[in-house]
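Given next are the chains, with one letter for each unit.
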Amino acid sequence: MSKQREVSNKMRIYHRYLGFFLAGIMAVYALSGVVLIFRDTDFLKKEILNEKQVAANLNAEQLGKEIKIKRLKFSEVSDGIATFKGGSYNTQTGEVSYTTKRLPLVLDKMTHLHKAKSSDPLYFLNMFFGGALLFFVISSFWMFLPNTTIFKKGMYFAAAGVVLTLILLLV
């Protein structure tokens, strides 16, 4: 067997078994990616009423940090009650009541995994998965021998995919 065919066969084997191994996590990333497209809407989200006791006399920025709402702004303050989008805060007693919208538990966990940061405990999983996807891209060019018709047609499709990607990135 030629050296080229040996490399091709090895790549096919690695590609195949890594694909089987990562099938579950690829499904998670695919589903959570579609859900994340709609993160600026209320699609699939349910409303949750939150009531909390915080310190009294906080300003909007301090309250936002306490209840984990970014860029919180009071729309009105009267008689010791500060109102903001989705809730109210009693500046004298520190009682705050607000609503949040959250995805169902499983989808919420999936989207948090998808958006993991380096400070998250499982960020290494995202690093591994990203590397595996890059391996899939590279190894796909060794799935067929270069002198075959399938490989030549595949190169046309790859070129079209690169052009489409560049158009999407640059427009």
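Heads up: these notes are all about the structure in this document.

Criteria and thresholds
- Residues numbered from 1 in each chain as written.
- Predicted model: local features only at pLDDT ≥ 70, side-chain atom pairs only at ≥ 80, totals over all residues.
- Heavy atoms only, no water.
- Helix = DSSP H or I, 4+ residues; strand = E, 2+ residues; numbered from the N terminus.
- Lys, Arg positive; Asp, Glu negative; His and termini not counted.
- Charge placed at Lys NZ, Arg CZ, Asp CG, Glu CD.
- Expected span 1.5 Å × (residues − 1).
- Contact = heavy atoms within 4.5 Å.
- Patch = residues over 30% accessible without salt bridge, like charges linked within 9 Å, V, L, I, M, F, W, Y side chains within 5 Å.
- Areas by Shrake-Rupley, 256 points an atom, 1.4 Å probe, with all protein chains shown as cover.
- Salt bridge = Lys/Arg side-chain N within 4 Å of Asp/Glu carboxyl O.

**Remarks on the overall build of the protein chain**
- When you go through the protein chain residue by residue, the secondary structure sums to six helices and five strands.
- Sequence-ordered secondary structure for the protein chain, helices as α and strands as β, is α-α-β-α-β-β-β-β-α-α-α.
- If one aligns the C-alpha atoms of the protein chain with their principal axes, the spans along those axes are about 85 × 35 × 25 Å.
- Charge centroids of the protein chain, computed over 22 positive and 12 negative side chains, lie 19 Å from each other.

**So, helix 5 (residues 123-139)**
- Along its 17 residues, helix 5 runs 24 Å from first to last C-alpha, staying within 8% of the 24 Å computed at 1.5 Å per residue.
- Tucked into the core, helix 5 has its buried residues touching helix 1 (3-21), helix 2 (23-37) and helix 4 (105-114).

**Some points on a nonpolar patch on the surface**
- On the surface, a cluster of nonpolar side chains totalling about 590 Å² of accessible area is made up of V7, L134, V137, I138, F141, W142 and M155.
- It is helix 5 that contributes the most residues to the nonpolar patch, three residues altogether.
- Relative to the elements of secondary structure, W142 occurs in the loop between helix 5 and helix 6 (149-170).

**Structural notes on unusual backbone geometry**
- Backbone geometry places K68, a non-glycine residue, at a positive phi of 60 degrees.
- Its place among the elements puts K68 in the loop between helix 3 (60-67) and strand 2 (74-78).
- The phi angle at R71 is positive, at roughly 55 degrees, despite the residue not being glycine.
- As for its position among the elements, R71 is in the loop between helix 3 and strand 2.

**Quick word on a positive patch on the surface**
- A cluster of basic residues, R39, K70, R71, K73, K115 and K117, forms a positive patch on the protein surface.
- Examined against the element boundaries, K117 turns out to sit in the loop between helix 4 and helix 5.

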